[in-house]
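# Chains, contacts and geometry: an overview
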Amino acid sequence: QVQLVESGGGLVQPGGSLRLSCAASGSMLDTNRMAWYRQAPGKTRELVAAITSGGRTNYAGSVKGRFTISRDNAKHTVHLQMNSLKPEDTAVYYCNADVRETSGRWQDYWGQGTQVTVSS
């Protein structure tokens, strides 16, 4: 079994910063693409940022220039540095990863989600 455990969410004022982290652990060998998604109340889940094992990144237009995704391949972790936060960034943020299990099979996993609230 593989788990993705997120941390770093919370309440922040507009213009502030937060750093989210996600660690993959369990019966696994490797990770490929890792990403952050978010879902605001009444809205569908959307991609925020993604990064490949080679370091290639892509971002949603709404966060480009404010958010930075990074990873540590050796530790199977992914981070999301969020700066200049806006109230519209308020959502539950989910970690997502393509994980190679010890069986050799690649499987898509999700974290449990962490709440980010941007409010004065």
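Residues numbered from 1 in each chain as written. Predicted model: local features only at pLDDT ≥ 70, side-chain atom pairs only at ≥ 80, totals over all residues. Heavy atoms only, no water.

Before going further, it helps to examine the state of the cysteines. Summed over all chains, the structure comprises one disulfide. For Cys-22, the disulfide goes to Cys-95, at an S-S distance of 2.1 Å. Here Cys-22 and Cys-95 share a disulfide; its torsion about the S-S bond, -80°, makes the bridge left-handed. Placement of the pair is Cys-22 in strand β3 (residues 18-26) and Cys-95 in strand β9 (residues 91-101), with a sequence separation of 73 residues. For the pair shown, Cys-22 and Cys-95 are each scored as buried. (Disulfide = S-S within 2.5 Å. Helix = DSSP H or I, 4+ residues; strand = E, 2+ residues; numbered from the N terminus. Buried < 20%, exposed > 50% of the residue type's maximum accessible area, 1.4 Å probe, protein only.)

Before going further, it helps to spend a moment on the pattern of salt bridges. Summed over all chains, the structure comprises four salt bridges. The residue Arg-38 makes a salt bridge to Glu-46 at a minimum N-O spacing of 2.7 Å. Accessibility expressed as a relative area gives 6% for Arg-38, which makes it buried. Classification of Glu-46 as partly exposed rests on a relative accessible area of 35%. Between Arg-66 and Asp-89 there is a salt bridge, and its shortest N-O distance comes to 2.8 Å. Highlighted residues: Arg-66 in the loop between β6 (57-59) and β7 (67-72) and Asp-89 in the loop between β8 (77-82) and β9, separated in sequence by 23 residues. Among the charged side chains, a network of salt bridges with common partners joins Arg-38, Glu-46, Arg-66 and Asp-89. (Salt bridge = Lys/Arg side-chain N within 4 Å of Asp/Glu carboxyl O.)

Mapped onto the elements, Gln-115 comes out in strand β11 (residues 114-118). With 25 residues separating them along the chain, Gln-115 and Thr-90 place their C-alpha atoms 7.8 Å apart. In this structure, Gln-115 is in contact with Gly-9, Gly-10, Thr-90, Ala-91 and Val-92, ignoring residues within four places of it in sequence. A distance of 3.3 Å separates polar atoms of two side chains, one belonging to Gln-115 and the other to Thr-117. (Contact = heavy atoms within 4.5 Å. Polar contact = N/O pair within 3.5 Å; in protein donor to acceptor, adjacent residues only side chain to side chain.)

When glycine is set aside, most residues are seen to have a negative phi, and most peptide bonds are trans. At His-76, a residue that is not glycine, the phi angle is positive and equals roughly 55°. Tracing the sequence through the fold places His-76 in the loop between β7 and β8. Under the relative-accessibility criterion, His-76 is labelled buried at 17%. Even without glycine at this site, Ser-84 takes up a positive phi of about 50°. Examined against the element boundaries, Ser-84 turns out to sit in the loop between β8 and β9.

Sheet architecture is open: four strands sit in the order β1-β3-β8-β7, paired in antiparallel fashion. Lying at the two open borders of the sheet, with one neighbouring strand each, are β1 (2-7) and β7. Each strand axis lies, on average, 15° off the axis of its neighbour in the sheet, ignoring direction. (Pairing = 2+ DSSP bridges. Axes fitted to C-alpha atoms, helices over the stretch in contact; angles between N-to-C directions.)

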